Amino acid sequence: MYDPGSDSEGRVIVKTATWADLKEFYPEMRLGTMRALVATLDGKVAGVVGVIRDGDHGRYFSEFHEELQPHLKSMVIMRAIKKSMEWVKAYKGPVLAVAQHDEGARLMTRLGFTRIDGEVFQWLKPPY
């Protein structure tokens, strides 16, 4: 079980996502096979990051509620992103991501994804 801990104030806690956590964040969504971490803020799920199977490829995703925005550059969030990228690198098959704004596109490039069409990015595995 992955436990990156909490931020310096103890308000943001990142942990392995449970089914209940994901249903709290996505109450109307049908969820599939995934590996994810959630960030809780004062005990409520405020963000999620992970990889979900989407047909013949993986989809890297992250979403957060506005109240998590001031905490996105905290060390605990950075560790969660690093852990989620381990899952991307280990995924058997291609992994795609969609950046819905300029900051997302910048982050995808920084993480090592390559833009393949408009908002769509792909993780290109090394040939070794």
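Everything that follows concerns the structure shown earlier in this document.
Starting afresh in each chain, residues are numbered from 1 along the sequence in its written order. For a predicted model such as this one, the threshold for reporting local features is a pLDDT of at least 70, and the threshold for listing and counting side-chain atom pairs is 80 or more; totals across whole chains, interfaces and linings nevertheless cover every residue. Think of the side-chain values as coming from all heavy atoms in the structure, minus any hydrogens and water.

A. Representation of the packing of aromatic side chains. Each aromatic pair joins two rings of Phe, Tyr and Trp (for Trp, the six-membered one) with centres within 6.5 Å, and gets the label stacked for planes under 30 degrees apart, edge-to-face for over 60, and tilted for any other angle. Applying the stated rule across the entire model yields three aromatic pairs. Ring centres 5.6 Å apart and planes at 65° place the aromatic pair Phe113 and Trp123 in the edge-to-face group. Separated by ten residues along the polypeptide, Phe113 in strand E7 (residues 113–117) and Trp123 in strand E8 (residues 120–123) bring together distant segments of the chain. Summary of the burial criterion: residues with accessible area below 20% of their type's maximum are buried, those above 50% are exposed, and those between are partly exposed, where the area comes from a 1.4 Å probe applied to protein chains only. Assessed through its relative accessible area of 11%, Trp123 is described here as buried. Put simply, the rings of Tyr60, Phe113 and Trp123 touch in pairs and so form one group of aromatic residues. Segments assigned H or I by DSSP are reported as helices when at least four residues long, segments assigned E as strands when at least two residues long, and all are numbered from the N terminus.

B. Main features of the pairing of strand E6 (residues 95–98). By the alternation rule, side chains of E6 split into Val95 and Ala97, which are all buried, and Leu96 and Val98, of which none is buried. Strands are labelled as partners when DSSP assigns at least two bridges between them. The sheet contact formed by strand E5 (residues 57–64) and E6 spans two bridges and is parallel. Residue pairing for E6: Arg59 is matched across the bridge by Leu96. Crossover handedness is defined here as right-handed if the route from the first strand over the helix to the second strand goes clockwise, with the strands pointing away from the viewer. Since E5 and E6 lie parallel, the crossover through helix H2 (residues 75–90) that links them has a hand, and here it is right-handed.

C. Region of the structure containing helix H3 (residues 102–111). Those residues of H3 lying buried are Gly104, Ala105 and Met108. Buried residues of H3 fall within an arc of 100° about the axis and therefore sit on the same side. Exposed residues on H3 whose side chains face more than 90 degrees from its buried face are Asp102 and Arg110. Those residues of H3 that are buried are in contact with E5, E6, E7 and E8. Gly112 occupies a position one or two residues after H3 and carries a positive phi of about 110°. Of all possible arcs, the one meant is that of the directions from the helix axis to the C-beta atoms. Any two residues whose heavy atoms approach within 4.5 Å at even a single point are treated as in contact.

D. Molecular detail of the layout of surface pockets. Think of a 1 Å grid over just the protein atoms. A cavity is a set of points where a 1.4 Å probe fits yet cannot get out, a pocket is an open set with protein on both sides within 12 Å along at least five of seven lines, and lining residues have an atom within 4 Å of a point. Grid points are joined across faces, edges and corners, and a volume is the space filled by probe spheres set on the points. Quantified by volume, the largest pocket comes out at close to 1,200 Å³. Lining of the largest pocket is provided by 40 residues; of these, Ser62, Glu63, Phe64, Gly104 and Leu107 occupy positions nearest its centre. If you list the elements that add at least two residues to the lining of the largest pocket, you get strand E3 (34–41), strand E4 (44–54), E5, H2, E6 and H3. For the lining of the largest pocket, the element with the highest residue contribution is H3, accounting for seven residues. In this count, Pro and Cys sit with the nonpolar residues alongside Ala, Val, Leu, Ile, Met, Phe, Trp and Tyr, while Asp, Glu, Lys and Arg are called charged and the others, Gly among them, polar. Taken together, the residues of the lining of the largest pocket sort by class into 27 nonpolar, six polar and seven charged.

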